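Remarks on the overall topology
This is what each chain is made of:
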Amino acid sequence: EGDADASRRVKVYVLNQEGSWDDRGTGLVNVEMIKECNQAGFRVRSEEDPAVVVLQTKIFHEDVFHRQVDTIITWVDPEKKEEVALSFQEISGAQSLWERICKVQGKSDNSFDAYEENRDSNAGKESARRDFKMPVADMANLEEIQTIVLGATLSTKDSIIESVLEDGWLKKLSETFEMVEDLEAENSLHMCFRIYKGLLLLNEPSLIESLLSSELVDGTMGALEYDPELGRRQRHRDYLQRPEIFKQPVPIADEGCLNRIHMNFRLNYLKDVVMARYIDDLSFATIRELTSLNNAAIVKRIRSDMPFLSKLQQCLMNKNGRTKFIEGFLFLQELFDIVKQLPEQTRTYFYRAVTEAGFFETFAGALADSDRKIRNASTDCLSACLTHNPSPIRRFMVEHKGDGDKMLLPLLVKVLVEDEDTGLKSQVAEIIRLLIDPSNMEEVAEKSTFLDLFYAQMESLLSPFQCLEAEYAEKPTLATRARRRAADAARMHLTDLFAVCVQSHGYRMKHYILRNNLVQLVLLLLRHKEKYLVLTAIRFFRTCIGANDVFYNQYLIKNDLFGGVFNVFKTCYSRSNLISSAITELLDFIRVKNMKSVIKHVVERFRDSFGKLGDPAVTKALVLKYEQATEFEESQSNNGTATPAESSSAPASSSWGTPSLDSISAENRRRMAKFREQEQEESYFDRDDDEDEAQPSLETSGRSDDAAALADKDPIASSDALGSLVATYDDDSDNDDARVSPSKTGAPPSGPPPTDPDNSSGSNTPATDKPGGDAITLTGKRSTAEDGAESAPTVASGNGPPVK
């Protein structure tokens, strides 16, 4: 009875919508009459609880049942539209059910006999495969072996591989090749080449590894030196045996790790040099898969060997042994390149081991090294770590911010500003961008602490811009050309970093711009002869406009920073190049977003120059938007539709973007005016006498009201006004908690608030504390009417003299 149950034991599988098989359970199958349909069928009852039916189906007369292998029967249920498979524990069970299915379906014995015949044929082939033996690997059989290997088919491939991998056959073939080489028999050497090439192209991983093992690699590479199509020997063995190819800055004690390193080198050399002309896509993929598996094993062994990592770290800190120092960094660079290609979990374990071994301190020392190769290797490793997870490096920088040589961030900034290698500058700029990106900062504390550290180093980023005026006045020479090229690359990368800060850092970047006149310094690039730097400056200006922030809009307007952009536009508009396209897109963005104060400033300030440009469509659209709003405001004023109180309390640009008054009938305007007059008369009698005595208040709330209040002040606002603007309009996308507020800056002092001396309205404006204790004052004056423009602003910092 136990044997009978074993023969009927099956697993039930059903194909799901994702294309994978769902296991429905294990049970015993019985062929019986299905009462529900009054037809023969079979049921699978659970072996744990026979009352539970795992599967029930009738035997369909359609030809839907198929026997895949000895123990599997599959079918597609035409009623339920699902594919089912039964996997039997024993062949006899599948055989019994298949015979019953054939009997119920009324199939002739030929169908079952055909299956039996096919199975017997397969069994015969399997027997023939087991009986196949390769000829003995000697000189007399080289031609026969060549014929068998080169004529391999899908049916004979497995038997050839199995026979070749038998003990001693490949070793005997290698010895035969050595004998042929000693005899200098050219035809036999060419046959050896074809045999080895054919064996490699069989695409069997175990066979490839055997041919490249330490015992057989000399014979394999030696035979592949005699390619008849090249006409001369290639000397592959001489290259592989050169001692300087494999270098160990620190000896690797793990023999298995060493063997895999050597195997990977041979695989890559085989793929890229020896068999580059013959290898097919399938063999190429097989070799890459073998290399990847070896890489994973190498990295696992190295990151688990903490004594080795400790010795490597000490070697990289000892600059006295210069040769080992350079070899160590090159080894580390190659190791990090390997790790990039591995799965995420493997990378996580490796970078954790690197952090624990203290390699970040090593990278900091390498950035200050005079050898370019060392600096490149260090930045490669840092970039790999940051791409995976920037948080450990940020913590290291914060913990060692006062440790001299361990201060990694100042060293990165120095390389970006001063190094003459433009490729290295690009990589360092990307590293800094990853570091300051708030989206990959895990905690608010990490964000606040690291950004404070970064902005403390920001002053040194301005030096490439501060020397621009002197550089424009200086005549270039051959001696200064390389230095200028490196400085231009630094300016490009720094400007892009400033744009990232504008987008992500909120109030910190606003204070930095106020203290250092950053926008004015960047816009000096508009005068540069290199067009890519002009585009870089326009891109930064577009980022400031694209923020659609009251602070940036008012800053650009009050300092008349659109002038340089329009000067460039006038010189390049007719050329239809990237610069004119970028400025056209900028102006169109201002129009589409209906940036009212910016539109008003641009039209009123530069309208006279639009005609010199030929009145392009984008300027026409701006003028139309400006005229629509102006016409609407004048009509409201002439018809008395707004009281003085309403006019003073409404934003100055509240009507911008509304449709033209031509679309509003005169009758509608009269009705609106009459309704407003009646409403004002009724509201007059509803007010108390105390309210009549109260002075009208011009309190503002929200971004647009504060912007209007700032616009009513002098063109150059005081430090208190701009400080409050920064504090009020903090649109910090990273949601920093470090906003300027009374709760953060302390309780206000007793007594009346300090009065702004530059406030012509005579109102008392409370001064706003700035982070870090710096009082930021934006000062300057408007030039005379003859000048036609405002003078450049002067930004004064509380801890230093004003800087033009």
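Residues numbered from 1 in each chain as written. Predicted model: local features only at pLDDT ≥ 70, side-chain atom pairs only at ≥ 80, totals over all residues. Heavy atoms only, no water.

**What to know about the nonpolar core**
Core analysis: the biggest nonpolar cluster contains 127 residues, and F336, L412, F498, M509, F562 and I590 have the highest contact counts within it. Among the elements that take part in this core, helix 14 (residues 322-340) stands out by supplying 9 residues, more than any other. Excluding residues that lie within four positions of it along the chain, F562 makes contacts with F541, I545, L556, I557, I590, V598, H601, V602 and F606. In this structure, W169, L170, F177 and A223 belong to the second largest nonpolar core, which totals 42 residues. (Core = buried A, V, L, I, M, F, W, Y, C linked by side-chain atoms within 4.5 Å. Buried < 20%, exposed > 50% of the residue type's maximum accessible area, 1.4 Å probe, protein only. Helix = DSSP H or I, 4+ residues; strand = E, 2+ residues; numbered from the N terminus. Contact = heavy atoms within 4.5 Å.)

**Remarks on unusual backbone geometry**
Most of the time, phi is negative for any residue but glycine, and the peptide bond is trans. In this structure, K81 is a non-glycine residue whose phi angle is positive, near 55°. Within the secondary structure, K81 sits in the loop between strand 6 (72-77) and strand 7 (82-88).

**Thoughts on the sheet that holds strand 2 (residues 21-34)**
Pairing is antiparallel in the open sheet, where 7 strands are placed in the order 4-3-2-1-7-6-5. Strands with a single pairing partner mark the edges of an open sheet, and in this sheet they are strand 4 (53-58) and strand 5 (65-69). Within the sheet, the average angular offset between the axes of one strand and its neighbour, ignoring direction, is 30°. Of the pairings in the sheet, the one linking strand 3 (residues 39-46) to strand 4 comprises 5 bridges and is antiparallel in character. Bridge pairing in strand 4 links G41 to K58. Of the strands in this sheet, strand 2, strand 3, strand 5, strand 6 and strand 7 are in contact with helix 2 (residues 91-105), which crosses strand 5 at around 155°. (Pairing = 2+ DSSP bridges. Axes fitted to C-alpha atoms, helices over the stretch in contact; angles between N-to-C directions.)

**A word on the pairing of strand 3**
Judged from the 8 bridges that link them, strand 2 and strand 3 form a sheet pairing that is antiparallel. Opposite I34, over in strand 3, you have Q39 as the bridge partner. Hairpin connection, strand 3 to strand 4: the antiparallel pair is bridged by 6 residues.

**What to know about the confidence of the model for the protein**
Averaged over all residues, the pLDDT of the protein is 78; the fraction at 70 or higher stands at 75%. For the protein, the element scoring lowest by mean pLDDT is helix 38 (residues 742-745), at 34; helix 27 (residues 531-546) scores highest, at 95. Long-range and interchain partners of residues 108-116, a stretch whose pLDDT sits below 50, account for 9 contacts in this model, where long-range means more than four residues apart. Contacts from residues 688-804, a stretch scored under 50 in pLDDT, to residues over four places away or in other chains number 175 contacts. (pLDDT = per-residue confidence, 0-100.)

**Description of the pairing of strand 5**
A regular strand places its side chains on the two faces of the sheet in alternate fashion. Examined bridge by bridge, strand 5 and strand 6 share 4 bridges and lie antiparallel to one another. Residue pairing in the sheet places H66 in a bridge with T74 of strand 6. A loop of 2 residues connects strand 5 with strand 6, the two strands running antiparallel in sequence.

**Considerations on the packing of helix 16 (residues 359-367) against helix 17 (residues 372-388)**
At a minimum axis distance of 8 Å, the contact between helix 16 and helix 17 shows a crossing angle of 140°. Classified by the angle their axes make, helix 16 and helix 17 are oblique. For the crossing formed where helix 16 meets helix 17, the hand is left-handed. Judged by residue contacts, F360, F363, A366 and L367 of helix 16 engage I374, R375, S378, T379, C381, L382 and C385 from helix 17. (Parallel < 35°, antiparallel > 145°, perpendicular 65-115°, else oblique. Left-handed = near helix turned anticlockwise from the far one by under 90°.)

**With respect to a negative patch on the surface**
Together, E175, E178, D182, E184 and D218 line one region of the surface with negative charge. Per-element accounting of the negative patch gives the leading share, 3 residues, to helix 6 (residues 169-183). Relative to the helices and strands, E184 resides in the loop between helix 6 and helix 7 (186-200). (Patch = residues over 30% accessible without salt bridge, like charges linked within 9 Å, V, L, I, M, F, W, Y side chains within 5 Å. Areas by Shrake-Rupley, 256 points an atom, 1.4 Å probe, with all protein chains shown as cover. Salt bridge = Lys/Arg side-chain N within 4 Å of Asp/Glu carboxyl O. Lys, Arg positive; Asp, Glu negative; His and termini not counted. Charge placed at Lys NZ, Arg CZ, Asp CG, Glu CD.)

**Quick notes on the layout of surface pockets**
Its volume calculated, the second largest pocket comes out at about 1100 Å³. Lining of the second largest pocket is provided by 35 residues; of these, F246, I261, N264, F265 and E334 occupy positions nearest its centre. Residues that form the lining of the second largest pocket fall into these classes: 16 nonpolar, 8 polar and 11 charged. (1 Å grid on protein atoms, 1.4 Å probe; cavity = no way out; pocket = protein on both sides within 12 Å on 5 of 7 lines; lining within 4 Å. Points joined across faces, edges and corners; volume = space filled by probe spheres on them. Nonpolar A, V, L, I, M, F, W, Y, C, P; charged D, E, K, R; others polar.)

**Digging into the pattern of salt bridges**
Scanning the entire structure with this criterion turns up 29 salt bridges. Here D238 ties to R235 by a salt bridge, and the two come within 4.0 Å at their closest N and O atoms. Residue classification places D238 among the partly exposed residues on the basis of a relative accessible area of 40%. For R235, a relative accessible area of 44% corresponds to the partly exposed category. One salt bridge in this structure joins R542 and E585, with 3.0 Å as the shortest N-O distance. Taken together, the positions of R542 in helix 27 and E585 in helix 30 (residues 578-592) put the pair 43 residues apart, joining distant regions of the chain. The exposure class assigned to E585 is partly exposed, which follows from its relative accessible area of 38%.

**Topic: the packing of helix 25 (residues 507-516) against helix 28 (residues 550-558)**
Close contact between helix 25 and helix 28 brings their axes to 11 Å; oriented N to C, the two are set at 15°. Judged by the angle between their axes, helix 25 and helix 28 are roughly parallel. Every pair of crossing elements has a handedness; the one defined by helix 25 and helix 28 is left-handed. Of the residues in helix 28, those touching helix 25 at M509, K510, I513 and L514 are F551, Y552 and Y555. Here the contact of helix 25 with helix 28 is built from residues that sort into 6 nonpolar, no polar and 1 charged.

**Section: the environment of M595**
Take M595: it is sitting in the loop between helix 30 and helix 31 (596-610). A relative accessible area of 4% means that M595 is categorised as buried. When the C-alpha positions of M595 and I545 are compared, they lie 9.3 Å apart, and in sequence the two are 50 residues distant. If sequence neighbours within four positions are ignored, M595 has contacts with I545, N548, N553, F589 and I590.

**Here we look at the side chain of N559**
Here N559 lies in the loop between helix 28 and helix 29 (562-572). For N559, a relative accessible area of 4% gives the class buried. Polar side-chain contacts of N559 include one of 2.8 Å to the backbone oxygen of Y555. (Polar contact = N/O pair within 3.5 Å; in protein donor to acceptor, adjacent residues only side chain to side chain.)

**Topic: the packing of aromatic side chains**
Enumeration over the complete set of coordinates arrives at 26 aromatic pairs. When the ring of F42 is compared with that of W75, the centres are 5.6 Å apart and the planes differ by 85°; the resulting orientation is edge-to-face. Taken as a pair, F42 in strand 3 and W75 in strand 6 lie far apart in primary sequence, 33 residues in all. Judged by relative accessible area, F42 falls into the buried class, the value being 0%. Among the residues examined, W75 registers a relative accessible area of 2% and is labelled buried. An angle of 25° between the planes, with centres 6.3 Å apart, marks the rings of Y239 and F265 as stacked. Of the two residues, Y239 is situated in helix 10 (residues 236-240) and F265 in helix 11 (residues 255-274); the sequence distance between them amounts to 26 residues. Ring pairing ties together the aromatic residues F336, F350, Y351, F360, F363 and F396, which thus form one cluster. The ring of Y278 carries the charged tip of K197 above its face, separated from the ring centre by 4.6 Å. (Phe/Tyr/Trp six-rings, centres within 6.5 Å; stacked < 30°, edge-to-face > 60°. Lys NZ or Arg CZ within 6 Å of the ring centre and 35° of its normal.)

**Observations regarding a nonpolar patch on the surface**
Among the surface-exposed residues, M139, M179 and L183 lie close enough to one another that they form a single nonpolar patch of about 290 Å² accessible area. Relative to the helices and strands, L183 is located in helix 6. Since its relative accessible area comes to 55%, L183 is described here as exposed.

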